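Fold and contact review
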Amino acid sequence: HSIESTYEKIGGDRTVRRIVEAFYPRVQQHPLLKPLFPEDLEPVKEKQYRFLTQFLGGPPLYTSIHGHPMLRARHLRFPITPQRAQAWLQCMAEALDEVGVTGEARDEMWNRLVIAAHHMVNTPDEAG
Ligand code: HEM
């Protein structure tokens, strides 16, 4: 049999949806993140749902519609400071707690999200 992906370990599609639903209300309430996001978060939620699905080893839902993620490039128009990366990760940690993502799958996912968040930084704190 095959090795289970992180996507499968956390419970697949339903769990990814729940993470996205738990994450964005926190982003919307965070003073450092809120100003970067549009009022209507539905399109962003859909993209993030698609991205996280493939990031975690599920079907390539993001690439099939939007092409190569190139996430750092797609974030360049926003001033992403180290503090904002920390804030993003804080909101994500709270979302994962709320949904109940635990254990080995949580650790696998978390380690990759930390790397991805730091990779997105493009502006020093004092300039953000
Ligand atoms: C889009 C902020 C990290 C995945 C966005 C947008 C903002 C943003 C402002 C655009 C919203 C819009 O469409 O108007 C941030 C900040 C981060 C961060 C402040 C802090 C480090 C991440 C990470 C991931 C991610 C770590 C993935 C693991 C995405 C995706 C999109 C997006 C998939 C949609 C891209 C598209 O197709 O347009 N982010 N982000 N972001 N972000 Fe982030």
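Residues numbered from 1 in each chain as written. Predicted model: local features only at pLDDT ≥ 70, side-chain atom pairs only at ≥ 80, totals over all residues. Heavy atoms only, no water.

A look at the coordination of the iron atom of the ligand
Of the protein atoms, His-75 (NE2) alone serves as a donor to the iron atom of the ligand, at 2.0 Å. Note on placement: His-75 falls in the loop between α5 (71–74) and α6 (82–99). (Donors = N, O, S within 2.8 Å, 3.2 Å for Na, K, Ca; no water. Helix = DSSP H or I, 4+ residues; strand = E, 2+ residues; numbered from the N terminus.)

Quick look at the site of the ligand
Looking at the ligand, there are 22 residues lining it, with Lys-47, Gln-48, Tyr-62, His-75 and Trp-88 nearest. A distance of 3.3 Å separates an oxygen atom of the ligand from a polar atom in the side chain of Lys-47. For the ligand, the cavity whose grid points lie within 2 Å of the majority of its atoms is the largest pocket. Elements represented by at least two residues in the shell around the ligand include exactly α3 (42–55), α5, α6 and α7 (103–119). When residues of the shell around the ligand are assigned to their parent elements, the largest contribution, four residues, is made by α3. (Near = heavy atom within 4 Å. Polar contact = N/O pair within 3.5 Å; in protein donor to acceptor, adjacent residues only side chain to side chain. 1 Å grid on protein atoms, 1.4 Å probe; cavity = no way out; pocket = protein on both sides within 12 Å on 5 of 7 lines; lining within 4 Å. Sits in = over half its atoms within 2 Å of the grid points.)

Digging into the nonpolar core
The biggest cluster of nonpolar side chains holds 30 residues, and the ones touching the most others in it are Ile-19 and Leu-52. Of all the elements in the fold, those that place two or more residues in this core are α1 (6–10), α2 (12–29), α3, α6 and α7. Ranked by residues supplied to this core, first place goes to α6 with eight residues. Not counting residues up to four positions away in its chain, the partners in contact with Ile-19 are Ile-10, Leu-52, Met-92, Ala-95, Leu-96, Val-99, Val-101 and Met-109. (Core = buried A, V, L, I, M, F, W, Y, C linked by side-chain atoms within 4.5 Å. Buried < 20%, exposed > 50% of the residue type's maximum accessible area, 1.4 Å probe, protein only. Contact = heavy atoms within 4.5 Å.)

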